[in-house]
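Reading the structure
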Amino acid sequence: MHEHLFSPANAEHYATTMREGVDVLAGHLAGVTAPATGRTVADLAAVVDAVDLDRPLGDAAAALEELREVYLRDAVWFHDPGYAAHLNCPVVVPALLAELFVSGVNSSLDTWDQSVGATLVERRLVDWTTDLVGFPAHDDGCTHGPDGVFTSGGTQSNLQALLMARGETFLRGHADPGLPYAESLARFRVFCSRDAHFSVQKSATILGLGADAVVPVDVDARHRMDPVALERALHRCLAAGDVPMAVVATAGTTDLGAIDPLGVVADLCAEHGVWMHVDAAYGGGLLVSRRRRHLLDGVERADSVTVDFHKTFFQPVSASAVVVRDADVLRHVTYHADYLNPRTANLPNQVDKSLQTTRRFDALKLWMTLRTMGADAIGDGFDTVIDLAHATAAWLRDDTGVDGAGRDLELRGEPSLSTVVFRFRPEGVDEDVADVLNPRIRQALWSGGRAIVAGTKVDGRSWLKLTLLNPASTLDDVRAVVDQVRAAGRDLLEHDLEGAQR
Ligand SMILES: *Cc1c(COP(=O)(O)O)cnc(C)c1O
């Protein structure tokens, strides 16, 4: 038996083991000089598959040694300035300190008797978030004021928001009493911009809405939802006898960082009595920005808001919340069990508000972050990367190429938040070739491991994307990434693109 392994209460063993782990990670981090190794799946799969899970190594030191090979050496490092791909942030150290307590104490946030103070900490942070959003403490039609709950991520937050919207839509009498439940549900419609996150579609499917339930609304030149198109879509829906269930406005689209016109969307939602959800999974960091909070003006009129702390609040995965204007709507996820939260229970619990039951104390990471460095430091971090995106865009716009070879980089438009969408397309290279070339540049960078960018399509064309979330990155760092793009692009054009040139 390994009695000493069954609990951190074996204090000496626990402390020694954790220090070994910190030493391995810190030692490794000190030697990281690139965001990834680009090792192939086959290569790494051979290493992982070779591990015999039936033969334990016997101690943590040996397991840590093996971990270097299986995982650490080839991991992707989001703090490396060469990393500029997805919405992953470098993580703040106070949150990592909190992680020690999140898993070491292992509270579960479902009921008071599994969490005690943790429930109160999470509630304080939900209140802190609803204050930042600007929900009124008490509203006309709303009895209990704002509330919310921590979730595993934006996907779950959006799902819960739409589940509550579905429940409220039924309660507002929109179900046709002459129709069975499923047929009423098939008439419910959710409106979001064409650029909204795919979790909206996923949620609609999970919630049993019809295949056509999500109505994509056209966007303007800067990829923000076009309110005239939204109004037309709402009218078409009503004219067809369908039921507008929710409008999802995105505050920071995943690709272009576009922020839908929240105030106008709120007006339309109010006029038609439709639930307004704001997906601020990406733009949520603006809530603590000292210079750009106004970009979220109108968010306070939403019925529900998604905020991903694990994106623009620099928190480790998972940390997200869904917050609501009216605490009452959370009853759509409230179920009672005699063994957990009987109706007669009179202690505070969070399970009544959550899709999850057993749930991590992720809120502690944000708490320790606020108590150590404060919200302004977080907001300044987000402002810094938005500034960097603007500086990068300005540089790309003015850049005239290398060695008199002419312009070879194209900017897709002014950044809205911290993403920069661009492509490698030297003069004389037509768009079809660029469509083949740019995904291959991205692939080449990944294999090289020194710089990592994302790819996407805008209006059917292939582009590259820099997602800048590292406040320690400089313009020179970003230029070094773009130089890699350029070098890979030239190399492919010269040696390897015959197929695409045709
Ligand atoms: C990232 C993102 C999501 C999904 O959030 P997860 O935390 O990855 O589940 C939803 N909406 C937008 C706009 C996002 O950028």
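Let us look at the structure shown here. (Residues numbered from 1 in each chain as written. Predicted model: local features only at pLDDT ≥ 70, side-chain atom pairs only at ≥ 80, totals over all residues. Heavy atoms only, no water.)

If you trace the five strands from one edge of the open sheet to the other, you get 1-11-12-10-9, paired in mixed fashion. Taken across any chain shown, the strands that pair with only one partner, and hence form the sheet edges, are strand 1 (83-84) and strand 9 (409-411). Packing against the sheet, helix 14 (residues 431-448) makes contact with strand 10 (419-424), strand 11 (452-458) and strand 12 (461-467), and its axis sits at approximately 35 degrees to strand 12. Each of strand 9, strand 10, strand 11 and strand 12 is contacted by helix 15 (residues 475-495), which is oriented at about 25 degrees to strand 10, the strand it contacts most. (Pairing = 2+ DSSP bridges. Helix = DSSP H or I, 4+ residues; strand = E, 2+ residues; numbered from the N terminus. Contact = heavy atoms within 4.5 Å. Axes fitted to C-alpha atoms, helices over the stretch in contact; angles between N-to-C directions.)

Residue pairs spaced three or four apart in an α-helix point in one direction, given the helix's 3.6 residues per turn. For helix 5 (residues 117-133), built from 17 residues, the straight-helix expectation of 24 Å at 1.5 Å per residue is met to within 8% by its first-to-last C-alpha distance of 24 Å. Along helix 5, the residues classified as buried are Ala 118, Thr 119, Val 121, Glu 122, Leu 125, Val 126, Thr 129, Thr 130 and Val 133. Each element contacted by the buried residues of helix 5 is listed here: strand 2 (147-151), strand 7 (304-308), helix 11 (309-312), strand 8 (320-324) and helix 12 (363-372). Positive phi shows up at Gly 134, right after helix 5, with a value of about 95 degrees. (Expected span 1.5 Å × (residues − 1). Buried < 20%, exposed > 50% of the residue type's maximum accessible area, 1.4 Å probe, protein only.)

On to the environment of Thr 419. Following the sequence through the fold, Thr 419 ends up in strand 10. The exposure class of Thr 419 is buried, given its relative accessible area of 3%. Linking Thr 419 and Gly 284, residues 135 residues apart in sequence, is a C-alpha distance of 15 Å. Not counting residues within four places of it along the chain, the set of residues in contact with Thr 419 comprises Thr 254, Asp 255, Leu 256, Gly 257, Tyr 282, Ala 389, Lys 465, Leu 466 and Thr 467. Of the polar contacts made by the side chain of Thr 419, one reaches the backbone oxygen of Asp 255; its length is 2.8 Å. (Polar contact = N/O pair within 3.5 Å; in protein donor to acceptor, adjacent residues only side chain to side chain.)

Around the ligand sit 15 residues, and of these Thr 155, Asp 279, Asp 308, His 310 and Lys 311 come closest. A distance of 2.8 Å is found between an oxygen atom of the ligand and a backbone nitrogen or oxygen belonging to Gly 154. Contact distances for the ligand include 2.6 Å between a nitrogen atom and a side-chain N or O atom of Asp 279. In isolation the ligand has 380 Å² of accessible area, and contact with the protein removes 86% of it. At the level of elements, helix 6 (154-174) and helix 11 are the ones that each hand at least two residues to the shell around the ligand. In terms of residues, the shell around the ligand owes the most to one element, helix 6, which gives three residues. For the shell around the ligand, the class distribution of residues is two nonpolar, 10 polar and three charged. (Near = heavy atom within 4 Å. Areas by Shrake-Rupley, 256 points an atom, 1.4 Å probe, with all protein chains shown as cover. Nonpolar A, V, L, I, M, F, W, Y, C, P; charged D, E, K, R; others polar.)

Now for a nonpolar patch on the surface. Taken together, the side chains of Met 18, Leu 97, Leu 100, Phe 101 and Val 105 make up a nonpolar region of the molecular surface, amounting to roughly 430 Å² of accessible area. Among the elements that take part in the nonpolar patch, helix 4 (residues 93-105) stands out by supplying four residues, more than any other. Take Met 18: its relative accessible area is 35%, and that puts it in the partly exposed class. (Patch = residues over 30% accessible without salt bridge, like charges linked within 9 Å, V, L, I, M, F, W, Y side chains within 5 Å. Salt bridge = Lys/Arg side-chain N within 4 Å of Asp/Glu carboxyl O.)

Turning our eyes to something else, we now look at the packing of aromatic side chains. Taken as a whole, this structure holds five aromatic pairs when the rule is applied. Residues Phe 170 and Phe 188 carry aromatic rings whose centres are separated by 4.9 Å and whose planes lie at 50 degrees to one another, so their mutual orientation is tilted. On the criterion of sequence distance, the pair formed by Phe 170 in helix 6 and Phe 188 in strand 3 (residues 188-193) is long-range, its members being 18 residues apart. For the pair Phe 170 and Phe 188, one class covers both residues: buried. Between the NZ or CZ atom of Arg 412 and the centre of the ring of Trp 463, over which it lies, the distance is 5.9 Å. The positively charged end of Arg 423 is found above the aromatic ring belonging to Trp 463, 4.1 Å away from the centroid. (Phe/Tyr/Trp six-rings, centres within 6.5 Å; stacked < 30°, edge-to-face > 60°. Lys NZ or Arg CZ within 6 Å of the ring centre and 35° of its normal.)

Another point: the sheet that holds strand 2. Reading across the sheet, the seven strands line up as 2-8-7-6-5-3-4 and stay open at both edges, with mixed pairing between neighbours. With partners counted over all chains shown, the strands left at the sheet margins are strand 2 and strand 4 (214-217), one partner each. On average, each strand axis in the sheet is tilted by 20 degrees relative to the strand beside it, whichever way the strands run. Sheet strands in contact with helix 8 (residues 199-206) are strand 3, strand 4 and strand 5 (243-250), and its direction is about 160 degrees off that of strand 4.

All right, on to unusual backbone geometry then. Cis geometry is adopted by the peptide bond preceding Ser 318, which originates at Val 317 and carries an omega value of -5 degrees. Mapped onto the elements of the fold, Ser 318 is located in the loop between helix 11 and strand 8. Unlike most non-glycine residues, Asn 106 shows phi in positive territory, near 65 degrees. Structurally, Asn 106 is set in the loop between helix 4 and helix 5. Given the relative accessible area of 56%, Asn 106 is considered exposed. If you check the backbone angles, His 223 has positive phi at about 65 degrees while not being a glycine. Mapped onto the elements of the fold, His 223 is located in the loop between strand 4 and helix 9 (227-239).

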